[in-house]
Each structure stands twice: as C-alpha cells, then as structure tokens.
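Chain and residue survey
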Amino acid sequence: MNSEYTQAELHFRDEVRQFLREKLPEDIRRKTLLGMHLTKDDCVRWQKILHKQGWAAVNWPVEHGGTGWDATRKSIFETECALAGAPEVIPFGMKMVAPVIFTYGNEEQQHRFLPDILASNVWWCQGYSEPNAGSDLASLKTSAYRDGDHYVVNGTKTWTTLAQHADWIFCLVRTGGPQEKNQTAISFLLIDMHSPGISLSPILTLDGYREVNEVHFDNVRVPVENRIGEEGHGWTYAKVLLTHERTNIARVAHSRCQLQRARELASATPDGSGTLMQNPVFAHKFAEIEIELLALEYTELRTLDAVRTGQAPGPESSILKIKGTELAQSIDELHAEIAACGGLPYVPWQLEDDFEGDKVGSDSAINSWLRYFNNRKSSIYGGSNEIQKNIICKAVLGL
Amino acid sequence: MDFSFSEEQQLLRDSVIRFIRQDYGFDIRQKTVTSSAPFNRDYWQTFAELGWLLVPFGEDDGGLGGSAVDIMVVMEEFGKGMVVEPLLASAILAGGLIAETGSAAQKNDWLQPLMDGQLQLAFAFAEPQSRFDLANVATRAEADGEHFVVRGHKTVVLNGGAADTLVVSVRSGTGVSLLAMDSNTPGITRNSYKTVDGHNAAEIYFDAVRVPRANLLGVEGKALPAIEKIIDRATLAICAEAVGAMESALQKTVEYTKTRKQFGTTISSFQALQHRMADMFIECQQARSILMMAAMQLDAGNGVAPRAVSAAKSRIGKAARKVGQEAVQIHGGIGVTDELDVAHLFKRLTSIQYLFGSTDYHTQRFIG
C-alpha cells in the first residue's frame, strides 16, 4: 500500500504544469479563480487550446481522438488544471453526449458528431429534466411520435444549462405510451437547436445570472437517423452513463484551490488585533474543512484505484457526489464569511474585464456571496444528495 | 498509487478474522470483561503463537517489520471484535518505546519476553493535571547515586494492573526521561480497575521508588520525541480500531433494521432511518480513507506524519461519535441495554475519541 506516483507519472505532471504555465490565458485564469461565470468565448477558447495540445478529450478512447489516459493520469491532469485556475470543461458535449455516441451510436453518427465535439466547433446542451419531474427523471413527458422518416417532438425541458449558446441538444423523449415501462418507452434523440419549433425561456439563477433555460418543443421534426441506438432503449443508455461517467465528480482539486484562496484571503483580512486566519474559532472551522478534504481526496484515490484494478466505480461514486458538493459548499461559506458584508453590494458587472467606472469593495468579496448563492445548486443537480443516499441504501446497504 | 494489501498483510488479516469469528464471540468477550481477570491470558498466548505480538516491531528487533499498515490491518479487525487483550498498551505503546529507545540489553530483558508472550508491559504517562500534553510531567526522578528516586501519580495507565514491567515518563534533569521498572518495586502502589469499555487500567502511585540507572531508556531528559512518535503510532492503531468498530456497528444496525418490525413492516423501510444509515456509511468510508492516508504517511516517514495522524484522529473521532450514537439510536431501547453488543461498540468508540488526545485537541494540533 502506497500513495506515491511513478517516475513516469511525475514526468507527466511536470509536462501538464509547464503546458498550463505557458498556455492558460491570464484573463480566463483570473475569472476562474474568482469563481466568475465564463463567457462562451472563454470556454471555447480554452477548449481549443487543449484540443491543439491533444488533451481536449480526457475520457475518450484514442481511436476517436481521446487521450487514452488511465485513471491516475486523468486525476493528475484534472488536479493540475484546477490548481492552476483552468476552467472546467463544459461537460455536455465532451463528457456527456460524446460517450453515448461513441458507445451506442452508429458509425455514421460517430463521424458526423464526434470531430466537432472534439474541436469544440459545436456547443451542446442536455435535455433530461422536465418541469415537475425533479429528481424523478424517468417520469419525463416530452413525447416523440413517428411520422415517416421523422420523429415529431412535443414538450418542455428545463434546467437546460447555457442552452442559449447551444447548437445541439441531446434529449430523452418518450416514444412509448405513458403506461409503458421506462426501460422500453424512452429514446435518446439528438436535436438541432436551430430546428423550427424550438424556443427558449431563460431562467435566472438566484445570483442574477442566466445560467439555465426552459426549452420548448412545438412539433419539432427530428430525422430518425438522429436517434442513438434502438428505439425505447434511451433510458438504459442514459443510466449506464450516469453511473460510469462520473469522473472528477468530487472536485477535490477545485476545492483545494478554493480553500487555498480562502486561506490567503483570511490571512489578509483584519480581525480584532490580528487576522481572521488567526481567529481560533475561524481557524478551527477552517481546519475541519481541510481535514474533510483530505479524507475526500483519499476516498477519491481509493475509487480511482478500484477503477485501475478493474472494479467499475459502483455506488461509491454517490459518496463522491455527496461529500464533494457538501465540501465545495462549505468552502463557499468560508469565502462568504471572509467577505462578510463586503458581499452585500450587487455589482457583478464590475468584475468584467472591460468595466470602466468606480469599483465597490473587492472583486473577491463581491463575487463570494454570488458564488455561495449559485452553488447551492450542486447538492440538488445530478441526482440530489438525498437521491444519492437512496442509491447508497439500495445498492450498498441493501435496504 | 496502490491501495491493496500485500500478500503477508492479507494472510495476517485473515488470521485475525478467523480468530475473532471462531473464538471471540461477544458472549465469550463479555465473560472476560465481567470477570476479575484483566483479560484472557490464554488468548494472549494464542496471539504470541500466531505471531501477532511481532507485528509492531522491526525485523532488527525480531519483529515482522512494524509498518503502520501492518498495525492497521490487525487493529481494524480487533475493533470489529472489541478485543480487550492489551496488544495496544503492552506491545504497540510500551513495547514500541523500548524498541525505539532501548539498548540491546534492555530489548533482551523486556522486548524479547514480550514478543514471546511471557511479559506484560504498560506505559504510564498521563497524570491528573496533564490532560493531553505529553510534556506535562510532574512525576519526578531525582538522581541518587546509581539510582533514580521516583515520586508521583500516573493516571488511567492502560494495562497498568496487569503489567509486569512499567515504562514511566518522568521529569529528570532538564527534561522528560523514560524509566522501565518492575511493577512490584517497593514504593509502587497500584489501584487497578476495569474501564467502561472492558479494558483494564490502573492508578499508579510512586512513593520514593528506587530504580537503577541502568533502567533508563535512551538519553536522560531527551525522551519526548520518542514518546510523541510512539503515541502517534498508538493513535493510528486506535484509529484503525475505530474504523473496524464503526463498520461493525453499521453492519449490525443495518441487519437489525431488516428484522425489527414496527407498524407492520420492517423499520429498514423507513426513509428517516435509511438516510441516517447512509450517513453512517459515508462516515465509515471517510474515516477509512483518512486512516489509510495517515498510515501511508507514517510509513513514508517524511515529516508530515504527526500532522497526518492528527488529521486522522480528528476526523475519525468525529465519525466515531456520530456512528456510535446513531447505531444506538436506530436500535432504540435495546440499544441502551448492557446485553447488546452495539452498546459496547459505542462505549469503545467513545473511549477512542479521547485516548491520546480528543478530537478537538487533534484539530488544534493539525492547525499547528
């Protein structure tokens, strides 16, 4: 039992570090470290830099242009990226739909869609959730009936992240009757967002940002060749990938980076005759979070080790989701506490590069409350933490 | 990166599991605990025969290697079985100190018989005023020719009543020293008792106890680093014990809820209880992760070990409280009775939270 890297892995880490030092644009780095929302251009720009290096598709097999890295290298890469302040990849194309396409799609679909995802030429969004469906994903109602060579899609998807940028959406739709079982009634469709009959309604998140949307489908005609796999099997495809594609779900490196920033900020924040970091109550709270992060880091490493030795990440990945999001949220709380009333002014526009005018307070304080508010989502999305506990109860404890 | 056990560790683990399953049922354990004997001496002989007493020691001292991971492997299973025989107090703690500081002659006198199963040891360090501060030693040793004269009071000395030889931390000269002494030396008074978790301990009073200078372990006044190092190893050991005990508590709780019926159905179907058991499971996993981290850091010997051990003790202490309390709560009334094994797991988990520094103490030590 040892947790050390091999020489080759250490060499790889140096290579990643050097790449990040040389190629990560400073403006993107600043925004990421502050926890600001990135523009579409920011995301695409960074993704294309990664693509040029051959590192865009961390989780893809080599034959489709992926890195083919093992679990340890993936972990090293994601850790170094987070510590350096590189943005996380927008997952919908690269991490969510692409694995479905290269696992279950036909050859024609693979040629048609994968190269543009790899090169970040198209922006994808995810059409799973529906109004009122909540965590009960399978109760979806969006329907698709056959009309010759097309499906005709009607219904509404919601919580669709950054759909306003999207060229394509991948959807779970009901092709079977309402009484039919999910295992046979749901299909997986790829839909062009520019199709007639699609409209968006923005949803502002509580930090005032247009992060999500409702996507309405009104008799949208989708060619049958855009269906992945067999009709009625979409639920199976989606479910398999929900459990298997949870890499980096614990976001340990991201949390470590944010905790380090919190330490720096607290050490520069006056409190009584010293600094906030010297305040024993704060320091104790900080240490408990630091220790929890250490435990989570090793829980993640243990999971990676299990993957390495051929055991697929099972329901244990639910722990990573629960603890990872709880921890990230507790670090957001620290940042909000460091900012204290400095987080009250609502002036997000002053964080933009091109802002010209009188600034209020500090950028990190201004953004810390917004990030705290926004990130309450993380224990709700992707199967709420309560749903994750249900999974543990059923699959691990046999309850 | 490799989280698997070596073949030897796997064999060691299997032998402990087999012993606990075959010979260490809860009823048998309780017979020992409620008897006047400090522990079951026949079992101690079994430990010696199975080679478990060699586990904490390096090969140079005739042991099996003495890695922290080895200790973890044994102690985790001891935790599941709530073993009260004093591997921790006698071998890991007192034996560890002799291995760390003793001369060849001293190891021959005390370590060899310990490993053979012939000698019981205890490390007397805590005092009524010291709380968790290892440097707070009021017991004094005054030089008197070729002897030291020891005066003081050591409290809650683990295995103190059963020990043949005591290792005692004393203040002498300008610092803290370690003296080994026969527990029957004139001037030593022992008040032995059982602890709430079924182990044995003693209050030990030293009234002008004359100890030969030859019994000094290591350099006079310079014992503190060795004490801290061995206490860290012992802390890791009880962290492993806690991880085993927590897993046992969780498993027993889950099983119980599947059989206990209320309102016409098994209580395992109640989501209010299910999620609490999911939380217990998560605590167990986080505890195991940080335990492995600390064990690997101790074995790497890279200077961050003390901080790693404190991180583990702090986190595992928190988990131990939660898992222990929840196991009792979910069992309901039966959980607060003496007849139920889970209640005894809870008591041991409680002791572990405080032994060698409380959860808060280790959080503070982690901060530095």
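Being a predicted model, the structure only gives us computed values, none of them experimental.

1. Overview of the overall build of chain A
- For chain A, the count of helices and strands is 13 helices and 10 strands.
- Over its C-alpha trace chain A gives a radius of gyration of 22 Å, about what one expects of a compact globule, namely 21 Å for 399 residues.
- C-alpha extents for chain A along the principal axes are approximately 75 × 55 × 50 Å.
- Expressed as a percentage of the 399 residues in chain A, the buried residues total 50%.
- Considering only intrachain contacts with a sequence separation of at least 6, the fraction spanning at least 24 residues in chain A is 71%.
- When the accessible surface of chain A is summed, it comes to about 17800 Å², and 53% of that surface belongs to carbon and sulfur atoms.
- Between the centroid of the 40 positive side chains of chain A and the centroid of its 52 negative side chains there is a distance of 2 Å.

2. Details of the domain arrangement of chain A
Residue and element names in this part refer to chain A.
- Per the domain assignment, the segments making up chain A are domain 1 (7–89), domain 2 (123–234) and domain 3 (250–395).
- Just the C-alpha atoms count here: the centres of domain 1 and domain 3 sit 20 Å apart.
- Taken together, the 17 residues of domain 1 in the interface contact 18 residues of domain 3.
- Here domain 1 and domain 3 share an interface that buries about 1500 Å² over both sides, 55% of which is from carbon and sulfur atoms.

3. Regarding helix α13 (residues 385–396) of chain A
- The end-to-end C-alpha separation of α13 of chain A is 16 Å, in line with the 16 Å expected for 12 residues at 1.5 Å each.
- Among all positions in α13 of chain A, only N385, Q388, K389, I392 and C393 of chain A are buried. Along the axis of α13 of chain A, the buried residues cluster in a sector spanning 145°; they form a single face. Among the exposed residues of α13 of chain A, those pointing more than 90 degrees away from its buried face are K394 and A395 of chain A.
- Buried residues in α13 of chain A make contact with α11 (317–339) of chain A together with α8 (271–300) of chain B.
- Positive phi appears at G398 of chain A, one or two residues downstream of α13 of chain A, with a value of about 65°.

Scoring rules and cut-offs
- Residues numbered from 1 in each chain as written.
- Chains lettered and ligands numbered in written order.
- Predicted model: local features only at pLDDT ≥ 70, side-chain atom pairs only at ≥ 80, totals over all residues.
- Heavy atoms only, no water.
- Helix = DSSP H or I, 4+ residues; strand = E, 2+ residues; numbered from the N terminus.
- Rg over C-alpha atoms; globule rule 2.2 N^0.38 Å.
- Buried < 20%, exposed > 50% of the residue type's maximum accessible area, 1.4 Å probe, protein only.
- Contact = heavy atoms within 4.5 Å.
- Areas by Shrake-Rupley, 256 points an atom, 1.4 Å probe, with all protein chains shown as cover.
- Lys, Arg positive; Asp, Glu negative; His and termini not counted.
- Charge placed at Lys NZ, Arg CZ, Asp CG, Glu CD.
- Domains from an automatic or database assignment.
- Buried area = accessible area lost by both parts, 1.4 Å probe.
- Expected span 1.5 Å × (residues − 1).
- Arc of directions from axis to C-beta.

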